[in-house]
Amino acid sequence: MRYDCIIIGAGVAGLTAGIRCAKEGLHTAIISSGMSALHFSSGSIDLLGYRDNAVVYKPFEAIDQLTGTIAQHPYTKCGKPLIIEALLFFKQECEQQGLFLFDNGNLNHFHVTTLGTLKPTYFSQRSVFNEDVYSRFKAMKKIVIINFEGYRDFHPQLAAAQLSKHSLFANCEIVAKQIEMPQLQDDGKYPHEFRSIDIARIFEKEANIEKIADLIRLAAKDADFVVMPAVMGITNFNQIHNKLQSRTRLLVYEVPTLPPSILGMRIDNALKSRFAELGGVYIAGDKVVRADITDDVVNAIYTNSHPENPMEAQCYILSTGSFFSGGLVSEFDNMYEPIFKLKLHHEPERNKWYNQNFFHRDSHAFLQYGVLTDESLRPYDSNNNIIQNLYCSGAIMAHYNPIKEGCGSGVAISTGYKAAGQIINLLKRMS
Ligand SMILES: Cc1cc2nc3c(=O)[nH]c(=O)nc-3n(C[C@H](O)[C@H](O)[C@H](O)COP(=O)(O)OP(=O)(O)OC[C@H]3O[C@@H](n4cnc5c(N)ncnc54)[C@H](O)[C@@H]3O)c2cc1C
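Residues numbered from 1 in each chain as written. Predicted model: local features only at pLDDT ≥ 70, side-chain atom pairs only at ≥ 80, totals over all residues. Heavy atoms only, no water.

Student: Break down the overall build of the protein chain for me, citing the residues and quoting the values.
Tutor: What the protein chain contains, in helices and strands, is 13 helices and 21 strands. The globule rule puts the C-alpha radius of gyration for 431 residues at 22 Å, and the 23 Å found for the protein chain is close to it. In terms of principal-axis extent, the alpha carbons of the protein chain reach across some 70 × 45 × 40 Å. The contacts in the protein chain between residues at least 6 apart in sequence include a share of 69% that link residues at least 24 apart. Of the roughly 19,000 Å² that the protein chain leaves accessible, carbon and sulfur atoms contribute 50%. Charge separation in the protein chain, taken as the distance between the mean sites of 42 positive and 45 negative side-chain charges, equals 5 Å. (Helix = DSSP H or I, 4+ residues; strand = E, 2+ residues; numbered from the N terminus. Rg over C-alpha atoms; globule rule 2.2 N^0.38 Å. Contact = heavy atoms within 4.5 Å. Areas by Shrake-Rupley, 256 points an atom, 1.4 Å probe, with all protein chains shown as cover. Lys, Arg positive; Asp, Glu negative; His and termini not counted. Charge placed at Lys NZ, Arg CZ, Asp CG, Glu CD.)

Student: Help me get a handle on the domain arrangement of the protein chain, residues and values and all.
Tutor: What the domain assignment lists for the protein chain is domain 1 (2-98 + 265-430) and domain 2 (129-255). Here the C-alpha centroids of domain 1 and domain 2 sit 34 Å apart. Each partner contributes to the interface: domain 1 provides four residues, whereas domain 2 provides seven residues. Taken together, the two surfaces of domain 1 and domain 2 that pack against each other cover about 490 Å², and 49% of this comes from carbon and sulfur. Three residues stand out in domain 1 for area buried against domain 2, namely G98, M265 and R266, and they jointly supply 87% of the buried area on that side. The tally of links from domain 1 across to domain 2 stands at one salt bridge. (Domains from an automatic or database assignment. Buried area = accessible area lost by both parts, 1.4 Å probe. Salt bridge = Lys/Arg side-chain N within 4 Å of Asp/Glu carboxyl O.)

Student: Please provide a residue-by-residue account of the side chain of S44, values included.
Tutor: The residue S44 is located in the loop between β2 (28-32) and β3 (50-51) in this model. The class for S44 is buried, based on a relative accessible area of 6%. In this structure the side chain of S44 is engaged in a polar contact, spanning 2.8 Å, whose partner is the side chain of S124. With residues near it in sequence (within four places) discarded, S44 still touches H111, T121, F123, S124 and S409. (Buried < 20%, exposed > 50% of the residue type's maximum accessible area, 1.4 Å probe, protein only. Polar contact = N/O pair within 3.5 Å; in protein donor to acceptor, adjacent residues only side chain to side chain.)

Student: Tell me about the side chain of S322, and please be specific about residues and values.
Tutor: Inspection of the secondary structure assignment puts S322 in the loop between β16 (312-318) and β17 (329-331). Residue S322 is classed as buried on the basis of its relative accessible area of 18%. Dropping the residues within four chain positions of it, S322 is found in contact with G327, L328, A395 and I396.

Student: Explain the nonpolar core to me, using residue names and the numbers behind them.
Tutor: Counting 80 residues, the largest nonpolar core has F90, I301, L318 and F340 as its most contacted members. It is helix α13 (residues 408-430) that contributes the most residues to this core, nine residues altogether. With residues near it in sequence (within four places) discarded, F340 still touches I8, A291, I293, V298, I301, L318 and L390. With 44 residues, the next largest nonpolar core counts F137, M140, M232 and I240 among its residues. (Core = buried A, V, L, I, M, F, W, Y, C linked by side-chain atoms within 4.5 Å.)

Student: Describe the sheet that holds strand β12 (residues 251-255), and please don't skip the residues or the numbers.
Tutor: Taken in spatial order, the four strands line up as β10-β9-β11-β12 in an open sheet, and their pairing is parallel. This sheet does not close on itself; its edge strands, each paired only once, are β10 (173-179) and β12. The average angle at which neighbouring strand axes cross in this sheet is 25°, direction not considered. Summarising the sheet, strand β9 (residues 142-148) and β10 pair through seven bridges and their orientation is parallel. What sits directly across from V144, in β10, is V175. (Pairing = 2+ DSSP bridges. Axes fitted to C-alpha atoms, helices over the stretch in contact; angles between N-to-C directions.)

Student: Hey, could you go over the state of the cysteines for me, with residue numbers and the actual values?
Tutor: Structurally, a disulfide amounts to a covalent bond that connects the sulfur atoms of two cysteines. Using the criterion set out here, one finds zero disulfides in the structure. Free cysteine: C21, not disulfide-bonded; nearest cysteine sulfur from C5 at 4.1 Å. (Disulfide = S-S within 2.5 Å.)

Student: Please provide a residue-by-residue account of the environment of P229, values included.
Tutor: Tracing the chain through its elements places P229 in strand β11 (residues 225-229). Judged by relative accessible area, which is 0%, P229 ranks as buried. Along the backbone, P229 and A13 are 216 residues apart, and their C-alpha atoms lie at a distance of 27 Å.

Student: Tell me about the packing of helix α4 (residues 80-96) against helix α11 (residues 262-277), and name the residues and values.
Tutor: In helix packing, the relevant descriptors are the interaxial angle and the interaxial distance, both defined with respect to the helix axes. Interaxial distance between α4 and α11 falls to 9 Å at its minimum, and their mutual angle equals 85°. Between α4 and α11, the angle is such that the two are roughly perpendicular. Judged by residue contacts, F90, E93, C94 and Q96 of α4 engage I267, L271 and R274 from α11. Taken together, the residues of the contact of α4 with α11 break down into four nonpolar, one polar and two charged. (Parallel < 35°, antiparallel > 145°, perpendicular 65-115°, else oblique. Nonpolar A, V, L, I, M, F, W, Y, C, P; charged D, E, K, R; others polar.)

Student: So what's going on with the sheet that holds strand β21 (residues 390-392)? Residues and values would help.
Tutor: The pairing of strands in a sheet happens through backbone hydrogen bonds and is either parallel or antiparallel. Reading across the sheet, the five strands line up as β13-β2-β1-β16-β21 and stay open at both edges, with parallel pairing between neighbours. Of all the strands in the sheet, just β13 (281-284) and β21 have a single pairing partner and so form its edges. Looking at each pair of strands side by side, their axes are set apart by 20° on average, direction ignored. As paired elements, β2 and β13 share four bridges and run parallel to each other. For I30, the partnering residue across the bridge sits in β13 and is Y282. In this fold helix α1 (residues 12-23) packs onto β1 (2-8), β2 and β16, with an angle of close to 165° to the strand it touches most, β2.

Right, dumping it as structure tokens:
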């Protein structure tokens, strides 16, 4: 089967690119070996949260400064107008699947983390942040942070203690509560083994919602806000959220949890469903292992499951992520990109890859390592030649630090969108 475009990797970058290509009518396939960073993420989309070790409130102004000073940064290669277009595209495509994202216009907002700190981000699901938080938080007198008995990956006392230290909540009582859910006992599972996904499945059963809502109401009846771990269902989360709020008559918010991230899974589901709805072909659980390249043009790629059957396309997008997802591989004294053996930006000496102090404000150098590309996001091979029909997007790219800059998904969305646009324009010119 020959495609117009094959995308390797189904994280935020690959799926954004896939949706854009499929929407333009390109015959598009995505091949992905496994889960993406979304399943481990907060589920909020960070655009640019920090610059020069300071919090960024106005991300687009900060992007203007950044693109004016760091020539190699993926945001510079995209440019601000395209970044804005890409974010709007992402938001609208998620909405098509009933996943509604809140943004604060030109400003970042701050979502509560599982540890009770506040983190700058750009898009959050509406059960995590929305207009009501802004309009009511100054008058807030009491927040109740709830956990469900048996769920080990959220610690409301810790979150409450941390949040209480923040000056924004100086006049607010913050209380931790645990509630028992009799339904947990029915599953025949030891009630101290629950993960976010187990609780989310309990929320998905319609018959349970009213009972859970009544328990929440009992625990938090005089609160202005109720905060709970993000377990309000994987598919029916809008209805569950609405029902919980209307029955408790309280404002109920979700906080990201330790993995598996239900918030991230909702985005993953929405993007994959949208891609399928647009006619995209999704090949799950197969790993691309090598490529056939002649005269700087990729002819075909080969996977683990079909080592002798070429998969061919006019253009390819490499969105395999960073070290975490296997897009980059590090050995004791070496690192490489495993499929195309692309040229990397990295320090050869291992002791320069990381900082001795794990929490150092400069973070770790390896987070900036990755594939080098030209302005069009095409990578260089080991001989410094540009591969003509291959484009890169997301965490595999060099010259940005998703942790230190708080820009992981923003870069993934912008570069995925741009890579798709490059291919769409190229194929239009050729037809
Ligand atoms: C644990 C963690 C948490 C994060 N949390 C956040 C957050 O809360 N907010 C935020 O904005 N950013 C976060 N980030 C930053 C993150 O890098 C980006 O947000 C973004 O999700 C990266 O997307 P990606 O598509 O580039 O790569 P990934 O999400 O890493 O996806 C890569 C995909 O490629 C596939 N793949 C790899 N190799 C192959 C192969 N050979 N063949 C086929 N498929 C392959 C993988 O299975 C995976 O599906 C987090 C990163 C990590 C690692």
